[in-house]
Amino acid sequence: IVARIPPQVQLSIALGDLFTLEDVWQAIEHLPDLTGRARIYLKLGFAGVRSFERVRALLEVAADAARSHPASPSIVAVAYADSEFAGTIPPRSVFRAAAGVPASGVLLDTYLKSEGNLFTWIEPSELTGLMVRAHGTEMLAAVAGSLTVEHLRTVCAAGADIVGVRGAACSE
């Protein structure tokens, strides 16, 4: 897929939810040669990681591995609005960990795709606060989570830089 995307187009790659420092390092180290491409974002989630310190350590290893990769990809920390179902720390804690590394961005998403949308788990005012927090630390702020056309006004008003869709792009 990467080979078919024009090199001037930015690319987002989901690394998934990784638990060990070694897994994070290897996931980034074994990426294909991506030099000569536009900016590359690597999204890293933390389902099953219940400690702020561990999330921060995973992000620090990701940032170190990214710096040593020839393409120097940017790290995006994934926070789950339904963090209790993901067995991880709350979004505000992920945002704080990402700001301390620093990561290039944060993505607020949902873990359980079948249990509602982003706004099932978070109020618009809390979303706005998280977007402000990300921007205050010079991180990109991305939002996803079973969003529909009806959610766009609220998401944009909250200050999201990027809106991620999957099903809505295909069905609406």
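Residues numbered from 1 in each chain as written. Predicted model: local features only at pLDDT ≥ 70, side-chain atom pairs only at ≥ 80, totals over all residues. Heavy atoms only, no water.

Caption draft 1: Structural view of helix H4 (residues 91–100). Where H4 is concerned, the buried positions are Pro 91, Ser 93, Val 94, Phe 95, Ala 97 and Ala 98. In this structure, the buried side of H4 is in contact with helix H2 (52–68), strand E3 (74–80), helix H3 (83–86), strand E4 (105–109) and helix H6 (124–136). (Buried < 20%, exposed > 50% of the residue type's maximum accessible area, 1.4 Å probe, protein only. Helix = DSSP H or I, 4+ residues; strand = E, 2+ residues; numbered from the N terminus. Contact = heavy atoms within 4.5 Å.)

Caption draft 2: Highlighting unusual backbone geometry. Put simply, Val 101 and Pro 102 share a cis peptide bond, and its omega is -10°. The backbone of Glu 138 shows a phi angle near 60°, a positive value even though the residue is not glycine. Tracing the backbone through its elements, the reader meets Glu 138 in the loop between H6 and strand E5 (140–143). A relative accessible area of 75% means that Glu 138 is categorised as exposed. With phi around 55°, Ser 146 is a residue other than glycine that occupies positive phi space. Of note, Ser 146 is situated in the loop between E5 and helix H7 (152–158). Assessed through its relative accessible area of 35%, Ser 146 is described here as partly exposed.

Caption draft 3: Structural context of the nonpolar core. Among the nonpolar cores identified, the biggest contains 49 residues, and Ile 28, Phe 46, Leu 59, Leu 108, Leu 118, Leu 127 and Met 131 are the most heavily contacted of them. Of the residues forming this core, the biggest block, nine residues, is contributed by H2. With residues up to four places along the chain from it excluded, the contact list for Leu 118 reads Ala 81, Leu 108, Asp 109, Thr 110, Leu 127, Val 143, Ala 144, Gly 145 and Leu 147. (Core = buried A, V, L, I, M, F, W, Y, C linked by side-chain atoms within 4.5 Å.)

Caption draft 4: Layout of H6. Look at H6: 18 Å from first C-alpha to last across 13 residues, which is about the 18 Å you get at 1.5 Å a residue. Residues of H6 that are buried sit in contact with H4, E4, helix H5 (118–121), E5 and H7. (Expected span 1.5 Å × (residues − 1).)

Caption draft 5: Expanded view of the packing of aromatic side chains. Taken as a whole and judged by the stated rule, the model has two aromatic pairs. Ring centres of Tyr 80 and Tyr 111 lie 5.3 Å apart, and the angle between their planes is 70°; on these two criteria the pair is classed as edge-to-face. Taken together, the positions of Tyr 80 in strand E3 and Tyr 111 in the loop between E4 and H5 put the pair 31 residues apart, joining distant regions of the chain. Residue placement shows Arg 96 over the ring face of Phe 52; its charged tip is 4.0 Å from the ring centre. (Phe/Tyr/Trp six-rings, centres within 6.5 Å; stacked < 30°, edge-to-face > 60°. Lys NZ or Arg CZ within 6 Å of the ring centre and 35° of its normal.)

Caption draft 6: Structural context of the packing of helix H1 (residues 21–29) against H2. Taken N-terminus to C-terminus, the directions of H1 and H2 make an angle of 25°; their axes are 9 Å apart at the nearest point. Judged on the interaxial angle alone, H2 and H1 are roughly parallel. Viewed along their axes, H1 and H2 form a crossing whose handedness is right-handed. Contact with H1, carried on its side by Leu 21, Val 24, Trp 25 and Ile 28, involves Arg 54, Ala 57, Leu 58, Val 61, Ala 62, Asp 64, Ala 65, Ala 66 and Ser 68 of H2 and no other residues of that element. (Axes fitted to C-alpha atoms, helices over the stretch in contact; angles between N-to-C directions. Parallel < 35°, antiparallel > 145°, perpendicular 65-115°, else oblique. Left-handed = near helix turned anticlockwise from the far one by under 90°.)

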